[in-house]
Amino acid sequence: MKRSPADQLIIVNDSRRGFLRGFGAGSLVLAFGGGALARLVHAQEKKEEAPKYGGEGMPHGLRDDPHLFVEIAADGTVSIVCIRAEMGQGVRTSVAMVIADELGADWARVKVKQAPGDEPKYGNQNTDGSRSLRQSFAALRRAGAAARTMLEAAAAAAWAVDVAEVKTGVHEVVHAKSGRKMTFGELAAKAAALPAPKADTLKLKAPAEFRYIGKGKTNLIDGADIVAGRAQYGIDAHLPGTLFAVVARPPVYGGKVASFDAAGADKLPGVVKIVPLDTTPLPSGFRPLGGVAVVADNTGSAIKARAQLKIQWDAGPNASYDSLAYRKQLEAANRKPGKRIRDDGDVDKAFAAAAKKVSADYYVPHLAHATMEPPAALAQFKDGRCEVWACTQAPQAAREEVAKALGLDADKVTINVTLLGGGFGRKSKPDFIVEAALLSRQLGKPVKVTWTREDDLVNDYFHAVAHSHFEAALDKSGKVSGWLHRIAAPSIGSTFGPDPKHEGSFELGMGITDLPFAIPNVRLENPEAAAHTRIGWFRSVYNIPHAFAIQSFVAELAHAAGRDHKDFLLELLGPDRAVDSKLADGVEPWNYGEDPAKYPIDTARWRRVIETVTKEAGWGRKLAKGRGLGLAAHRSFVTYTAVVCEVEVGDDGTIVIPRVDIAVDCGPQINPERVRSQMEGSVIQGIGLARYGEVSFKEGRAEQTNFHQFQILRMNEAPREIRVHLVAHEDFSQPLGGVGEPGLPPVAPAFVNALFAATGKRVRELPIRGQLKPATAEKAA
């Protein structure tokens with residue numbers, strides 16, 4: 001994939017150009033372009049027309065010149081515009097601290113403003129794919145350095161000294177020889193009048209000069225507001241005269257309203273209007289599913305009235321979707337050859353000569369995002385324009401879809417991004433935002449649409465179900481001489497175009513085509529798997545089922561060979577090298593949109609995280625009966641992670657997790673505290689999904705409707721201790737990896753491998769629930 005042009009700095013004096021509203025005249029305003037920031041788009045085969053937006057891990061078409069603005073006001077306040085959405089990962093803090101560090105700003109005098117969705121102005125704003133810092137760190141540093149350079153030049157001119165004699169301190173510029181000082185606020189207007197420094201003339205700070213970058217000691221910019229309850233989320237948005245709506249949506253994907261009777265419901269207190277919404281034909285993409293909306297003067301009344309609606313549904317083409325039957329279809333598909341993805345050596349010959357053969361199947365069900373804040377959006381359609389306040393990860397996708405639905409030009413739509421109470425990829429899809437916009441136009445007033453938990457679980461963009469079949473040949477020395485993997489799963493592409501019935505290159509690039517093992521004979525196949533519900537990206541995407549299957553099977557092979565799991569896994573990696581897989585014709589390699597020369601699949605980094613985590617966890621130590629250690633490792637979003645999980649299983653099936661260790665190599669760590677928190681969160685979520693995560697379907701409908709059925713991990717079931725081990729990188733010029741998602745994939749396989757070590761029982765399908773003790777229900781620890 002071609003790289004975009006080198007980033008270019010742009011300095012704008014806002015007294016001459018008023019493109020950045022709200023910043024006072026005479027202040028220093030800085031914008032920069034970043035060529036490496038890309039938006040993700042869906043593109044199944046090159047023959048198809050791709051929609052303009054997509055999610056984590058999808059192939060991306062580059063979007064050049066995204067802009068990030070910095071203002072220094074006359075009082076010295078530094079305001080930084082963040083173009084990414086904040087959903088707990090700390091991006092508003094991390095983006096600001098990079099600029100502030102290069103600038104020399106006092107953190108106590110830094111503010112962050114959230115950018116509205118505006119692609120022509122900012123470029124890509126999608127917050128997904130674990131790339132917010134990965135693809136903007138260098139440009140953020142240059143933005144801060146450019147502002148610092150201009151401030152120093154302004155001070156030198158004011159004092160009539162050589163610019164080499166002045167230096168930026170903390171929120172001031174100092175002339176060392178005379179001891180004179182000028183604050184940022186005093187210099188802002190003078191600096192604004194200066195020409196822009198050229199990018200190749202900028203001097204970036206040495207790591208030894210950093211005050212914030214890499215230190216992990218910077219307070220969250222929104223922390224105090226969140227703790228005090230002042231932070232505004234999408235579900236908090238309100239305008240005078242706001243009406244409130246809930247929607248009865250088709251319970252089966254592709255269904256529609258056959259008829260409905262609102263008698264009684266429309267007479268309930270608070271109800272304003274019952275509004276039918278058009279059904280979107282399949283594939284629905286980002287558009288609403290349709291149904292019947294109830295608009296009231298409060299959300300509670302709308303919910304009560306919705307329950308009184310008498311709706312006859314036409315279930316449509318997916319009315320017979322049944323999870324148990326579909327699993328059998330996947331299993332049947334994996335029992336015979338499928339679409340060839342990779343074929344190294346002579347697999348048939350390896351199996352014919354094998355001293356031992358091992359086979360196993362693994363299954364991961366559909367998952368729901370289940371964010372703590374369900375989807376919510378407030379829209380106001382007025383005077384031919386629409387303004388929205390929403391918890392969205394993709395404001396540009398929202399802007400485009402709202403404009404399309406209302407028949408407006410995009411510049412007539414404003415998307416204001418609130419804080420998000422969790423995202424995980426669900427809030428990249430703006431269907432709930434379009435619902436609010438359509439209802440506001442119809443009612444002529446601001447309308448807030450809120451999804452209940454039941455709405456959220458039943459009408460989600462579900463993570464794909466997946467089934468893997470493995471066969472391996474072991475030679476006389478116990479080494480793997482042949483490897484066959486068949487993976488069947490419906491594709492995200494089915495939601496945005498004709499169902500490809502095979503995983504796309506971007507999905508296969510999450511652990512399948514980038515398999516790092518040094519095995520001489522490898523065959524990878526991808527049988528057909530049609531989609532029967534709305535499939536979307538979920539945190540770490542297809543890395544979840546791929547890592548679970550591959551890392552579980554490696555543990556089984558180690559046991560079959562009579563080898564230590566760690567030693568066996570390291571041997572499979574082979575010598576330190578950059579992996580260059582030869583794929584079948586028509587199968588494209590995929591590397592999270594990054595240049596393989598810059599981000600190779602590096603087995604040395606795989607090895608490093610495995611050795612780090614096993615050393616820190618005390619791998620090989622003796623444990624009491626009923627206790628065990630499990631190991632797994634994975635590469636995703638160009639970051640390497642490895643997990644060791646320690647479990648204790650009681651005679652009654654009770655599971656206790658004394659400790660989990662996770663090692664991560666994401667390149668230089670810009671905000672180590674946030675890296676640690678993301679790894680800790682990944683462990684908690686990964687354990688919860690492994691124990692309980694499942695959405696099943698019967699007659700086309702999701703069977704889980706709330707947290708009593710789609711359980712999340714409780715505090716008493718969480719690991720007693722989580723230890724995060726960051727692989728050090730001192731050179732901040734080296735490329736960054738992703739952080740938000742890579743911690744999740746190895747958690748489940750490490751967990752089930754530990755359960756085997758403790759009990760001797762294999763877990764090959766998720767969720768675990770009562771598999772360890774079929775006769776005894778698993779109890780909370």
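Just so it is clear, the model here is predicted, and its values are computed rather than measured.

*Asks:* What exactly am I supposed to notice about the overall build of the protein chain here?
*Replies:* Per the secondary structure count, the protein chain includes 17 helices and 30 strands. In terms of overall size, the protein chain behaves like a compact globule, its C-alpha atoms giving a radius of gyration of 27 Å where 781 residues would be expected to give roughly 28 Å. Over its C-alpha atoms, taken along the principal directions, the protein chain stretches across nearly 85 × 70 × 50 Å. Buried positions account for 61% of the 781 residues belonging to the protein chain. Sequence separation of 24 or more characterises 78% of the internal contacts of the protein chain that already satisfy a separation of 6 or more. Roughly 29,300 Å² of accessible area belongs to the protein chain as shown, and the carbon and sulfur atoms make up 50% of that amount.

*Asks:* Explain the sheet that holds strand β22 (residues 466-474) to me, please; I cannot follow it from the model alone.
*Replies:* If you trace the 5 strands from one edge of the open sheet to the other, you get β16-β24-β23-β22-β17, paired in mixed fashion. Two strands bound the open sheet, and with one partner strand each, they are β16 (339-344) and β17 (356-364). Sheet twist, expressed as the average angle between the axes of neighbouring strands with direction ignored, equals 10°. For β17 and β22, the ladder comprises 9 bridges, and the chain directions are antiparallel.

*Asks:* Teacher, can you tell me more about the pairing of strand β18 (residues 376-382) here?
*Replies:* Every regular strand shows the same layout, with side chains that alternate between the two sheet faces. Counting buried positions along β18 gives 5 out of 7 residues, so the element sits mostly inside the fold. Of the pairings in the sheet, the one linking β18 to strand β21 (residues 447-450) comprises 4 bridges and is antiparallel in character. By the bridge assignment for β21, Ala377 is matched with Val449. Of the pairings in the sheet, the one linking β18 to strand β19 (residues 385-390) comprises 6 bridges and is antiparallel in character. Within β19, the position partnered with Gln380 by the bridge is Glu387. Hairpin geometry of β18 and β19 is characterised by an intervening segment of 2 residues between the two adjacent antiparallel strands and by a positive phi of about 55° at Asp383.

*Asks:* What is the right way to read unusual backbone geometry from this model?
*Replies:* Trans peptide bonds make up most of the peptide bonds, and negative phi angles are found at most residues other than glycine. With an omega of -5°, the peptide bond between Leu282 and Pro283 qualifies as cis. Note that Pro283 resides in the loop between β13 (271-277) and β14 (291-296). The backbone phi angle of Glu699 is positive, close to 55°, even though this residue is not glycine. Within the element layout of this structure, Glu699 appears in the loop between β28 (697-698) and β29 (701-702). Residue Arg769 is not a glycine yet carries a positive backbone phi of 40°. Its place among the elements puts Arg769 in the segment after α17 (747-759). Exposure remark for Arg769: the relative accessible area of 31% places this residue in the partly exposed category.

*Asks:* Any chance you could explain the packing of helix α1 (residues 91-103) against helix α3 (residues 137-159) here in plain terms?
*Replies:* Two quantities define a packed helix pair, namely the angle between the helix axes and the distance between the axes. Relative to each other, α1 and α3 sit at 35°, their axes nearing to 7 Å. With respect to the hand of their crossing, α1 and α3 are arranged in right-handed fashion. Taking contact as the criterion, the partners of Val95, Val98, Ile99, Glu102 and Leu103 in α1 are, on α3, Phe137, Leu140, Arg141, Ala143, Gly144, Ala145, Ala147, Arg148 and Leu151. Taken together, the residues of the contact of α1 with α3 break down into 10 nonpolar, 1 polar and 3 charged.

*Asks:* Could you clarify how one ought to interpret the environment of His708 in this entry?
*Replies:* Take His708: it is sitting in the loop between β29 and β30 (722-726). Note: C-alpha distance between His708 and Ser477 (231 residues apart in sequence) is 50 Å. Among the polar contacts made by the side chain of His708, one reaches the side chain of Gln709 at a distance of 3.5 Å.

*Asks:* Sorry, what's going on with the environment of Glu741 here?
*Replies:* Mapped onto the elements, Glu741 comes out in the loop between β30 and α17. By relative accessible area, Glu741 is classed as buried at 4%. Separated by 612 residues in the primary sequence, Glu741 and Gly129 have C-alpha atoms spaced 7.8 Å apart. Side-chain polar atoms of Glu741 contact the backbone nitrogen of Gly129, separated by 3.5 Å.

*Asks:* I would appreciate a short explanation of the nonpolar core in the present structure.
*Replies:* The nonpolar side chains of a soluble globular protein tend to be buried with one another. If you look at the biggest cluster of nonpolar residues, it comprises 102 residues, and the most contacted ones within it are Trp483, Phe517, Ile610 and Phe751. With 8 residues, the top contributor of residues to this core is α17. Leu133, Ala154, Ala156 and Phe210 belong to the second-largest nonpolar core, a separate cluster that totals 42 residues.

*Asks:* Any chance you could explain the sheet that holds strand β25 (residues 627-636) here in plain terms?
*Replies:* In any sheet, the strands associate via hydrogen bonds between backbone groups, in a parallel or an antiparallel arrangement. Spatially, β25-β26-β27-β30 is the arrangement adopted by the 4 strands of the open sheet, whose pairing is mixed. Of all strands in the sheet, those bounded by a partner on one side alone are β25 and β30. With strand direction ignored, the average angle separating the axes of adjacent strands in the sheet is 15°. In this structure, strand β27 (residues 655-665) lies alongside β30, joined through 5 bridges in parallel fashion. Bridging from a neighbouring strand, Val660 pairs with Ile722 of β30. Sitting on the sheet, α17 touches β25, β26 (639-649) and β27, and the angle it makes with β25 is about 155°.

*Asks:* So what exactly am I meant to see when it comes to helix α16 (residues 672-692) here?
*Replies:* Counting along an α-helix, one turn takes 3.6 residues, and residues three or four places apart therefore face a common direction. Its 21 residues give α16 an end-to-end C-alpha distance of 30 Å, which sits within 8% of 30 Å, the value for a rise of 1.5 Å per residue. The buried fraction of α16 amounts to 16 of the 21 residues, a majority that puts the element mostly inside the structure.

*Asks:* What am I meant to see in the confidence of the model for the protein chain here?
*Replies:* Note: predicted coordinates in regions of low pLDDT should not be interpreted at a detailed level. Residues with a pLDDT of 70 or more make up 90% of the protein chain, whose mean pLDDT is 90. In the predicted structure, residues 32-67 sits below a pLDDT of 50 and forms 148 contacts with residues beyond four places in sequence or in another chain. Of the regions scoring below 50 in pLDDT, residues 776-781 engages in 20 contacts with residues more than four places distant in sequence or in other chains.

*Asks:* Help me understand the pattern of salt bridges, please; the structure alone is not making it clear to me.
*Replies:* For side chains of opposite charge, pairing can occur when their charged atoms come near one another. Counted under the stated rule, the structure contains 42 salt bridges. In this structure, the salt-bridge partner of Asp431 is Arg426, at a minimum N-O distance of 3.1 Å. In this structure, Asp431 and Arg426 share a single accessibility class: buried. Notably, a salt bridge pairs Arg621 with Glu646, separated by 2.9 Å at the nearest N-O pair. A residue pair is termed long-range when its members are at least 10 positions apart, and Arg621 in the loop between α15 (603-617) and β25 and Glu646 in strand β26 qualify at 25 residues.

*Asks:* Hey, could you run me through the packing of aromatic side chains in this one?
*Replies:* Working definition: an aromatic ring pair is given by the centre-to-centre distance plus the angle between the planes. For the structure shown, the criterion picks out 17 aromatic pairs. Where Tyr362 meets Phe470, the ring centres are 5.8 Å apart and the plane angle is 75°; that geometry is what we call edge-to-face. Here Phe470 lies in strand β22 and Tyr362 lies in strand β17, a separation of 108 residues in the sequence. A relative accessible area of 2% means that Tyr362 is categorised as buried. Residue classification places Phe470 among the buried positions, given a relative accessible area of 0%. With a centroid separation of 4.8 Å and an interplanar angle of 55°, the aromatic rings of Trp590 and Tyr592 are classed as tilted. Exposure class is identical for Trp590 and Tyr592. Each is buried. By the ring-pair criterion, three or more aromatic residues cluster together here, those being Tyr362, Phe470, Trp483, Phe517, Phe548 and Phe553.

*Asks:* Sorry, what's going on with the state of the cysteines here?
*Replies:* Note: disulfide means a covalent bond formed between the sulfur atoms of two cysteine side chains. What the rule picks out here adds up to 0 disulfides. No disulfide involves Cys386; its nearest neighbouring cysteine sulfur is the one of Cys391, lying 15 Å away. Looking at the unpaired Cys666, the closest cysteine sulfur is the one in Cys82, lying at 19 Å. On the accessibility criterion, Cys666 (1% relative accessible area) is buried.

Conventions and cut-offs
- Residues numbered from 1 in each chain as written.
- Predicted model: local features only at pLDDT ≥ 70, side-chain atom pairs only at ≥ 80, totals over all residues.
- Heavy atoms only, no water.
- Helix = DSSP H or I, 4+ residues; strand = E, 2+ residues; numbered from the N terminus.
- Rg over C-alpha atoms; globule rule 2.2 N^0.38 Å.
- Buried < 20%, exposed > 50% of the residue type's maximum accessible area, 1.4 Å probe, protein only.
- Contact = heavy atoms within 4.5 Å.
- Areas by Shrake-Rupley, 256 points an atom, 1.4 Å probe, with all protein chains shown as cover.
- Pairing = 2+ DSSP bridges.
- Axes fitted to C-alpha atoms, helices over the stretch in contact; angles between N-to-C directions.
- Left-handed = near helix turned anticlockwise from the far one by under 90°.
- Nonpolar A, V, L, I, M, F, W, Y, C, P; charged D, E, K, R; others polar.
- Polar contact = N/O pair within 3.5 Å; in protein donor to acceptor, adjacent residues only side chain to side chain.
- Core = buried A, V, L, I, M, F, W, Y, C linked by side-chain atoms within 4.5 Å.
- Expected span 1.5 Å × (residues − 1).
- pLDDT = per-residue confidence, 0-100.
- Salt bridge = Lys/Arg side-chain N within 4 Å of Asp/Glu carboxyl O.
- Phe/Tyr/Trp six-rings, centres within 6.5 Å; stacked < 30°, edge-to-face > 60°.
- Disulfide = S-S within 2.5 Å.

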